[in-house]
Amino acid sequence: MTTETLVFDDKQTLVDTAARRFADLIGAAQRARGVASVVLTGGSNGIAILASLAADSGDIDWSTVDIYWGDDRFVPTDDPERNYGQARNALLDHVPVDPARVHPMAPSDGEFGDDIDAAAAGYAATLLANAGADVSPHFDLHLLGMGGEGHINSLFPHTAATAEAQKTVVAVEDSPKPPPRRITLTLPVVNRSKAVWFLVAGEDKAQAVAAAHAGADPADWPCAGAHGTEETVWFLDHAAASALPDA
Ligand SMILES: O=C(O)[C@H](O)[C@@H](O)[C@H](O)[C@H](O)COP(=O)(O)O
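Thresholds, definitions, all that
- Residues numbered from 1 in each chain as written.
- Predicted model: local features only at pLDDT ≥ 70, side-chain atom pairs only at ≥ 80, totals over all residues.
- Heavy atoms only, no water.
- Pairing = 2+ DSSP bridges.
- Helix = DSSP H or I, 4+ residues; strand = E, 2+ residues; numbered from the N terminus.
- Axes fitted to C-alpha atoms, helices over the stretch in contact; angles between N-to-C directions.
- Contact = heavy atoms within 4.5 Å.
- Parallel < 35°, antiparallel > 145°, perpendicular 65-115°, else oblique.
- Left-handed = near helix turned anticlockwise from the far one by under 90°.
- Nonpolar A, V, L, I, M, F, W, Y, C, P; charged D, E, K, R; others polar.
- Phe/Tyr/Trp six-rings, centres within 6.5 Å; stacked < 30°, edge-to-face > 60°.
- Buried < 20%, exposed > 50% of the residue type's maximum accessible area, 1.4 Å probe, protein only.
- Salt bridge = Lys/Arg side-chain N within 4 Å of Asp/Glu carboxyl O.
- Expected span 1.5 Å × (residues − 1).
- UniProt positions renumbered as here; feature names shortened; annotations may be inferred.
- Near = heavy atom within 4 Å.
- Polar contact = N/O pair within 3.5 Å; in protein donor to acceptor, adjacent residues only side chain to side chain.
- Areas by Shrake-Rupley, 256 points an atom, 1.4 Å probe, with all protein chains shown as cover.

## What to know about the sheet that holds strand β7 (residues 182-185)
Right, on to step 1. Read across the sheet, 3 strands follow the order β4-β7-β6 without closing on themselves; strand pairing throughout is antiparallel. The open sheet has two edge strands, β4 (71-73) and β6 (169-172), and neither has a second partner. The average angle at which neighbouring strand axes cross in this sheet is 15°, direction not considered.
Right, on to step 2. Helix-sheet contacts for helix α4 (residues 116-129) involve β6 and β7, and the interaxial angle to β6 is about 160°.

Structure below.
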């Protein structure tokens, strides 16, 4: 497993470079196996990379990409806070995805109604159904944003969701970042991904970036607990990299 840390002059160069590498990685997986899988995330950079891919997605065959979410906000279908809706607007409405391969988390007015635990269990069932012999797929790529306190997906410091070792998907009802109700993949599932990429910009993220690079306890800094089985890549701007020892 390799860890790479790449530092860019500005946010747009960061997301455009990650988007080109996304296209290469997914294209290579499709050439090898005919299909590929990716986990999307929310946040400004998680959506900006999708907009960059909408402009240029290289040789990706979108019809054979399985698309999952690392977390989503448990709000109604049309709520602009929904990561799924933001991903549709930025990318999925503009490329020829196969609707059967797009796997959003349920909204609060979806098939499970307002029952967030049932919605989380429903997503665990979706993962299981696509997992082959395991409990969740071994994704080709899991994208992650990161908060200043080190959260990834909806895994916040010192929470049961971050400590979860058995379940693949859990409900979060008191997220410190609004909105409070969310569904999230857990660390064991993130860590079945071949590639885990962090897209992180801004001075407020520098301490969390440094903690993860120093091998901090994931209970304190959830970002420190996420690794790909083949590669972990940090796409940073100078501000986010500013607390690293060799910055
Ligand atoms: O649903 C969410 O809120 C996101 O999944 C979240 O984990 C996000 O990626 C980070 O908060 C970073 O957000 P920024 O890229 O906007 O800093």
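## A word on the packing of helix α2 (residues 43-55) against helix α3 (residues 83-92)
Right, on to step 1. Running from N to C, α2 and α3 point in directions that differ by 30°, and their axes come no closer than 8 Å. Here α2 lies roughly parallel to α3, going by the angle between them. The interaxial crossing formed by α2 with α3 has right-handed handedness. Side by side, α2 and α3 meet where G43, I47, L50, A51, L53 and A54 of the first sit next to N83, Q86, A87, A90 and L91 of the second.
Right, on to step 2. Residue composition of the contact of α2 with α3, grouped by class: 8 nonpolar, 3 polar and no charged.

## Some details on the packing of aromatic side chains
Right, on to step 1. According to the stated counting rule, one finds 6 aromatic pairs in the structure shown.
Right, on to step 2. Between W197 and F235, the aromatic rings sit 5.1 Å apart at their centres with planes inclined by 55°, giving tilted as the arrangement. Of this pair, W197 sits in strand β8 (residues 195-200) while F235 sits in strand β9 (residues 231-237), and the two are 38 residues apart along the sequence. For the pair shown, W197 and F235 are each scored as buried.
Right, on to step 3. Centre to centre, the rings of F198 and W234 are 3.7 Å apart; their planes meet at 0°, and the pair counts as stacked. Taken together, the residues F198 in strand β8 and W234 in strand β9 connect sequence positions 36 residues apart. Summarising the burial analysis for this pair, F198 and W234 share the class buried.
Right, on to step 4. Feature note: the residues F8, W197 and F235 constitute an aromatic cluster, connected by ring pairs.

## Observations regarding the pattern of salt bridges
Right, on to step 1. A full pass over the atoms with the stated rule returns 14 salt bridges.
Right, on to step 2. Between R82 and D72 there is a salt bridge whose closest N-O contact spans 3.6 Å. Of this pair, R82 sits in the loop between β4 and α3 while D72 is found in strand β4, placing the two residues 10 residues apart along the sequence. The pair R82 / D72 is uniform in exposure class, with both members buried.

## Some remarks on α2
Right, on to step 1. Over its 13 residues, α2 extends 19 Å from the first C-alpha to the last, a length consistent with the 18 Å expected when each residue adds 1.5 Å.
Right, on to step 2. Burial in α2 covers these residues: N45, G46, I47, I49, L50, S52 and L53.
Right, on to step 3. Looking at the packing, one finds that the buried side of α2 touches α1 (11-33), β2 (36-40), α3, β5 (141-144) and β8.

## Focus: the UniProt feature "domain: Glucosamine/galactosamine-6-phosphate isomerase" (unreviewed entry) in the chain
Right, on to step 1. In the numbering used here, UniProt assigns the feature "domain: Glucosamine/galactosamine-6-phosphate isomerase" (unreviewed entry) to residues 10-234.
Right, on to step 2. Secondary structure content for residues 10-234 is 34% helix and 16% strand, and the end C-alpha separation is 14 Å.

## Concerning the site of the ligand
Right, on to step 1. Around the ligand, 15 residues are found, and the nearest of them are S44, R73, H151, K177 and K205.
Right, on to step 2. Contact distances for the ligand include 2.9 Å between an oxygen atom and a side-chain N or O atom of D71.
Right, on to step 3. Within the contact set of the ligand, an oxygen atom lies 3.3 Å away from a side-chain nitrogen or oxygen of R182.
Right, on to step 4. Calculation on the ligand without its partners gives an accessible area of 420 Å², and the protein chains cover 90% of this total.
Right, on to step 5. Taken together, the elements giving at least two residues each to the shell around the ligand come down to α2 and β4.
Right, on to step 6. If you tally residues by element for the shell around the ligand, the top one is α2, at 3 residues.
Right, on to step 7. Classifying every residue of the shell around the ligand gives 1 nonpolar, 9 polar and 5 charged.

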